[in-house]
Protein chains: 2
Amino acid sequence: MLESVKNNKKLLPEQVSEQIANLITDRALHAGDKLPNEFEMAEQLGVGRGTIREAVKILVSRNVVEIKRGRGTFVCLHPGVVDDPFGFAFVKDKKKLAMDLYEIRMIIEPEIAALAAERATEEDVEELQKTADEVAVLCRQGKQHMEKDIEFHEKVAKYSKNSVMPKLIPVIQAGVSVFIHITDLSLALDTIRTHQMIVDAIRVHDSQKAREAMVEHLRNNKEKIEEMKELPQ
Amino acid sequence: MLESVKNNKKLLPEQVSEQIANLITDRALHAGDKLPNEFEMAEQLGVGRGTIREAVKILVSRNVVEIKRGRGTFVCLHPGVVDDPFGFAFVKDKKKLAMDLYEIRMIIEPEIAALAAERATEEDVEELQKTADEVAVLCRQGKQHMEKDIEFHEKVAKYSKNSVMPKLIPVIQAGVSVFIHITDLSLALDTIRTHQMIVDAIRVHDSQKAREAMVEHLRNNKEKIEEMKELPQ
């Protein structure tokens, strides 16, 4: 399964990191599964343990594996899904970025909500209601609800039953959210109201209503972005 | 600009890599710009050169910088944009993945084409025509046109003037394309025809036509995915 990798133009640790990644997919290792130890991998791949260590570091930096001291190397929860995959941190004009991300959300999320309305189970709807309620509590208390809010949208994406959406949506939403710290009470109440509209539409499997509710929900964000004169760097 | 970073819970090289990334954004360094040398960075950050080397390796593995031997460390073309940001390589069911990516393309790309129809300049249209012609030549010769095809869709995304789309589209398209090697002549001719419909609609700034042309174009792909019984792993 592990082939020797010495005849190749990439640097050796890079090659070995790919071999280890292949090992994870070939053996269908899951989140939390343990990798063979350094010694075994070195032997199987015909490279030194130093190279294995380098290769593992590359995989750590790509969120594929994590090292637990004294216990070994384990497969990450979402292997290969990185924190800022599109390098938003390197974009200079943050307001343009926020507007562009908003534009993308307006394209994707209403359709996601429509798909969720088609495909969500009763259990899904109850889960979504629970998260909407949690966001509502935070909003009413005037507390930071960003993370729970992202969770709400991630769940809508999950219930669309499209496996890529739950990876894509948080990236796009986090990119916007970094720049918007909503403390405004009227906006918070609007969030509660429109989140509930989304849950209700999904509950009765009404795609068109779910689509419209999401559009209305997102529009509030847009106004918030437009109001911003100065964006935090 | 560079703060000392010793009081923090993350591993030192990880912290230092973030500081170097901040340096790139703070100084607004661009693709191809050179970073200060190891010695300077070590001095400014108050860490050893070994730590700087580790930190740079982390940034290399995240496509932020590249090392040119004997010349130094340089900022990458698209800093922080990684090859497989959503870990598609780690998804076991490739057919489900291809269908899910197709579903996302069907949501995003018609709207992208509509935006391009609104916003593209005459020069943009000429560029797009050129790429469509190049794809057409490859198709007619029965040659592999995948890369040029991705370039065509990337350009449509670019002319939507949304700065995130050109990063997003190739990821989604590449995810699908890995599994579809189109050699079928009738399909190739359909690609030529529908690409041209897209260019023509954008040329006359007809958003609705551009949207419809993209939908028709993508539908061909869907049939191809559905036909696939066995997918290469």
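For the structure, check the block above.
Residues numbered from 1 in each chain as written. Chains lettered and ligands numbered in written order. Predicted model: local features only at pLDDT ≥ 70, side-chain atom pairs only at ≥ 80, totals over all residues. Heavy atoms only, no water.

Draft legend 1. Quick look at the relation of the copies chain A and chain B. If you rotate chain A by 180° and push it 0.0 Å along the axis, it lands on chain B with an RMSD of 0.1 Å. Taken together, the rotation angle and the small translation identify this as a two-fold axis. Relative to the rotation axis, the closest C-alpha in chain A is found at Pro-85 of chain A, a distance of 2.6 Å. When the interface residues of chain A are mapped onto chain B, 100% of them again lie at the interface, so the same face is used by both copies. (Least-squares fit on C-alpha atoms with pLDDT ≥ 70 in both. Contact = heavy atoms within 4.5 Å.)

Draft legend 2. Representation of helix α6 (residues 146-159) of chain A. All names here are of chain A. Over its 14 residues, α6 runs 20 Å from end to end, which matches the ideal 20 Å to within 8%, given 1.5 Å per residue. All of the buried residues along α6 are Met-146, Asp-149, Ile-150, Phe-152, His-153, Lys-155, Val-156, Ala-157 and Tyr-159. Phi turns positive one or two residues past the end of α6, at Lys-161, with a value near 65°. (Helix = DSSP H or I, 4+ residues; strand = E, 2+ residues; numbered from the N terminus. Expected span 1.5 Å × (residues − 1). Buried < 20%, exposed > 50% of the residue type's maximum accessible area, 1.4 Å probe, protein only.)

Draft legend 3. Expanded view of the interface of chain A and chain B. Listed per partner, the contact involves 45 residues of chain A and 45 residues of chain B. Taking both partners together, chain A and chain B bury about 3,500 Å²; carbon and sulfur atoms supply 64% of that area. Considering only the side of chain A, the residues that lose the most area to chain B are Phe-86, Phe-90 and Ile-107 of chain A, jointly responsible for 20% of the buried surface there. Where chain A meets chain B, there are four salt bridges. One can count 12 residue pairs in polar contact (both at pLDDT 80 or more) joining chain A with chain B. Looking at the side of chain A that touches chain B, the elements with two or more residues in it are α1 (12-26), α3 (49-61), α4 (94-119) and α7 (165-177) of chain A. (Buried area = accessible area lost by both parts, 1.4 Å probe. Salt bridge = Lys/Arg side-chain N within 4 Å of Asp/Glu carboxyl O. Polar contact = N/O pair within 3.5 Å; in protein donor to acceptor, adjacent residues only side chain to side chain.)

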